[in-house]
Structures are given as C-alpha cells and as structure tokens.
Amino acid sequence: KLSTSPDLICLSHLRWDFVWQRPQHLLSRCARDRRVFFVEEPIFGDFVPHLKISARDCGVSVVVPHLPQGLDEIELAAVQQALLIDELFMEHAITDYILWYYTPMALPFTDHLNPELVIYDCMDELSAFKFAPLLTNS
C-alpha cells in the first residue's frame, strides 16, 4: 500500500509478542495507513550485531536488535545507532518519520535524529521496575 503518511518508529521496553496491550492496540491501528516499525530492547548473546525484522499480521514490523554481550554504555549506544540508521533507515528507505517512545532508554542512540514529530507515551514508571537501569546523560 502506498502512503504519504510518515513512517512510525516506536522504541519500546516491551516485547511485541509478550502481551497484547496498549502499544499493540495503538500501533496496529497506525499500521493501517503507514509503515510501523516496533523496535524492542536488545537481546544480548554471542552475536555479531544485527537486526531481526519480522512482519506481523496487523502490518507492524517488529525489530529486534541482537547485540554482543559486554558492551559498555557508550558502545551500546553507538552500535544501536549504527543498526538503526544503517540496517533499518537505509534498508527500508525511511526518510519522513515519527518517533514514538515508550522508553527513555532509547534516547542515547536516537537523540541525533530529526523526526517530524516525537511522541512520549509514558505507560509505565520504568524506574520503579526491579533492576531498572539508571538513565544517565552522555
């Protein structure tokens, strides 16, 4: 389907397939008239950095970064930024886009971007989660 609507890039602390809740309700509706990429938090392992992108029946593309273990905070942001730009934006020709944040943890690798609109949907108090990482300014 051709659309002149900007693409929507959602950066989330949730897994798309875990539980059908607010993000799935909203973003599956958004996918009716634009491309929607739901970027999950990384999976760490013995990986060469790459993205696994898979389509869901509702039209949303789920993007899962696979990253090597042991990266420090600066390396982690740099690798995720490179994957987001090189593998996602370049390969899918994303030029006009909206950034939709469910997690402030994505700021270190997205703060250089120039979206048409930024949405921060504060669904959870992330700092209240057990073992929540502290967000620091780089």
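Further up the page is the structure itself.
A short tour of the structure in this document, coming up. (Residues numbered from 1 in each chain as written. Predicted model: local features only at pLDDT ≥ 70, side-chain atom pairs only at ≥ 80, totals over all residues. Heavy atoms only, no water.)

1. Digging into the pairing of strand 6 (residues 97–101)
- Burial runs high along strand 6: five of the five residues are buried.
- Going residue by residue along strand 6, you find Y97, L99 and Y101 tucked away on one face and I98 and W100 tucked away on the opposite face as well.
- One ladder, built from five bridges, connects strand 1 (residues 7–11) with strand 6; its direction is parallel. Bridging from a neighbouring strand, L8 pairs with I98 of strand 6.
- Here strand 6 pairs with strand 7 (residues 117–120) via four bridges, running parallel. Directly across from L99, in strand 7, lies its bridge partner V118. (Buried < 20%, exposed > 50% of the residue type's maximum accessible area, 1.4 Å probe, protein only. Helix = DSSP H or I, 4+ residues; strand = E, 2+ residues; numbered from the N terminus. Pairing = 2+ DSSP bridges.)

2. Considerations on unusual backbone geometry
- Positive phi outside glycine occurs at A93, with the angle close to 50 degrees.
- Take A93: it is sitting in the loop between helix 2 (73–90) and strand 6.

3. Some words on the pattern of salt bridges
- Across all of its chains, the model carries five salt bridges by this definition.
- Put simply, R56 and D17 hold a salt bridge, and the shortest N to O gap is 2.6 Å. Of this pair, R56 sits in the loop between strand 4 (50–55) and strand 5 (60–68) while D17 sits in the loop between strand 1 and helix 1 (22–30), and the two are 39 residues apart along the sequence.
- With its nearest N and O atoms 3.6 Å apart, the salt bridge here joins D33 to R34. (Salt bridge = Lys/Arg side-chain N within 4 Å of Asp/Glu carboxyl O.)

4. Some details on empty space enclosed by the protein
- The tally for this structure, following the rule as stated, stands at two cavities of 30 Å³ or more.
- One number sums up the size of the largest cavity: a volume of about 50 Å³.
- Put simply, the parts of the chain that give the lining of the largest cavity at least two residues each are strand 5 and helix 2.
- The leading source of residues in the lining of the largest cavity is helix 2, at three residues.
- When grouped by side-chain class, the residues that make up the lining of the largest cavity number seven nonpolar, one polar and no charged. (1 Å grid on protein atoms, 1.4 Å probe; cavity = no way out; pocket = protein on both sides within 12 Å on 5 of 7 lines; lining within 4 Å. Points joined across faces, edges and corners; volume = space filled by probe spheres on them. Nonpolar A, V, L, I, M, F, W, Y, C, P; charged D, E, K, R; others polar.)

5. Considerations on helix 1
- All of the buried residues in helix 1 are P23, Q24, L27, S28 and C30. Viewed end-on, helix 1 has its buried residues packed into an arc of 150 degrees, placing them on one side of the element.
- In this fold, the buried residues of helix 1 make contact with strand 1, strand 2 (36–39), strand 5 and strand 6. (Arc of directions from axis to C-beta. Contact = heavy atoms within 4.5 Å.)

6. Focus: the nonpolar core
- By size, the foremost hydrophobic cluster in this structure holds 19 residues, and its most contacted members are I9, L88 and F89.
- Those elements that place two or more of their residues in this core are strand 1, strand 2, strand 5, helix 2 and strand 6.
- Beyond its immediate stretch of four places on either side in the chain, I9 contacts F37, V39, F89, I94, Y97, I98, L99 and W100.
- Counting 13 residues, the second-largest nonpolar core is a separate cluster that includes W16, A31, V36 and F38. (Core = buried A, V, L, I, M, F, W, Y, C linked by side-chain atoms within 4.5 Å.)

7. Thoughts on the packing of aromatic side chains
- Using the criterion set out here, one finds four aromatic pairs in the structure.
- Centre to centre, the rings of W16 and W20 are 5.9 Å apart; their planes meet at 80 degrees, and the pair counts as edge-to-face.
- Classification of W16 by relative accessible area gives buried; the value is 4%.
- Under the relative-accessibility criterion, W20 is labelled partly exposed at 48%.
- Between F89 and Y97, the ring centres sit 4.9 Å apart and the planes meet at 80 degrees, which makes this aromatic pair edge-to-face.
- Given a relative accessible area of 7%, Y97 falls into the buried group.
- By way of ring pairs, the aromatic residues W16, W20 and F38 are connected into one cluster. (Phe/Tyr/Trp six-rings, centres within 6.5 Å; stacked < 30°, edge-to-face > 60°.)

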